[in-house]
Amino acid sequence: MAEDSFDKLYELSLLYDFYGELLKENHKQIFEDYILNNFSLSEIAEERGISRQGVHDSVKRTSQKLMEYEKKLGLLKKFQETKEKIEQIQKLAKKYGVKQIYQLSLEILEEL
């Protein structure tokens, strides 16, 4: 169960990296505090002067919005597919001793 929760948090943080700038500033701040900074709902509610339920609803809506963006645009999926292909190139380059290709693939990965 904890692993599923961690995977979900990891996915949400990646989605936020791709689509966070599309969110309203208030939603971004609450989402960052809860997902990225690991603040409790109560801590965020107290700091912002809103209810704990309000914070929960905001995080839930923001998470859904991020998943909708991914469903429509697919940037995270494309990124992950590109990364996997580059890793395959690296394995082949290493296997066949082609250092230039391997080095180029490292540079591409760093730029992603």
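## A closer look at the confidence of the model for the protein chain
Phase 1 of the analysis: For the protein chain, the mean per-residue pLDDT works out to 91, and 97% of the residues sit at or above 70.
Phase 2 of the analysis: Within the protein chain, no element has a lower average pLDDT than helix H6 (residues 99-111), which sits at 83, and none a higher one than helix H4 (residues 52-73), at 97.

## With respect to the nonpolar core
Phase 1 of the analysis: Core analysis: the biggest nonpolar cluster contains 17 residues, and Leu15, Phe31, Val55 and Leu66 have the highest contact counts within it.
Phase 2 of the analysis: Sorting the residues of this core by element identifies helix H1 (2-19), helix H2 (25-36), helix H3 (41-48) and H4 as the ones contributing at least two each.
Phase 3 of the analysis: Looking at which element gives the most residues to this core, the answer is H1, with five residues.
Phase 4 of the analysis: Dropping the residues within four chain positions of it, leucine 15 is found in contact with Gly20, Leu66, Met67, Glu70 and Leu76.

## Let's talk about the pattern of salt bridges
Phase 1 of the analysis: Applying the stated rule across the entire model yields four salt bridges.
Phase 2 of the analysis: Measuring nitrogen to oxygen at the nearest pair gives 3.2 Å for the salt bridge that ties glutamate 21 to lysine 28.
Phase 3 of the analysis: We classify lysine 28 as buried; its relative accessible area is 8%.
Phase 4 of the analysis: A salt bridge links arginine 48 to aspartate 33, with the nearest nitrogen and oxygen atoms 3.6 Å apart.

## Quick word on the packing of helix H5 (residues 75-95) against H6
Phase 1 of the analysis: For the pair H5 and H6, interaxial distance at closest approach is 8 Å and the crossing angle is 160°. As summarised for this structure, H5 and H6 are arranged roughly antiparallel, according to the angle between their axes. Both H5 and H6 take part in a crossing whose hand is left-handed. For the pair formed by H5 and H6, the contact residues are Lys83, Ile86, Ile89, Gln90, Ala93 and Lys94 on the first element and Ile101, Tyr102, Ser105, Leu106, Ile108 and Leu109 on the second.
Phase 2 of the analysis: The residue makeup of the contact of H5 with H6, split by class, is eight nonpolar, two polar and two charged.

Analysis parameters
Residues numbered from 1 in each chain as written. Predicted model: local features only at pLDDT ≥ 70, side-chain atom pairs only at ≥ 80, totals over all residues. Heavy atoms only, no water. pLDDT = per-residue confidence, 0-100. Helix = DSSP H or I, 4+ residues; strand = E, 2+ residues; numbered from the N terminus. Core = buried A, V, L, I, M, F, W, Y, C linked by side-chain atoms within 4.5 Å. Buried < 20%, exposed > 50% of the residue type's maximum accessible area, 1.4 Å probe, protein only. Contact = heavy atoms within 4.5 Å. Salt bridge = Lys/Arg side-chain N within 4 Å of Asp/Glu carboxyl O. Axes fitted to C-alpha atoms, helices over the stretch in contact; angles between N-to-C directions. Parallel < 35°, antiparallel > 145°, perpendicular 65-115°, else oblique. Left-handed = near helix turned anticlockwise from the far one by under 90°. Nonpolar A, V, L, I, M, F, W, Y, C, P; charged D, E, K, R; others polar.

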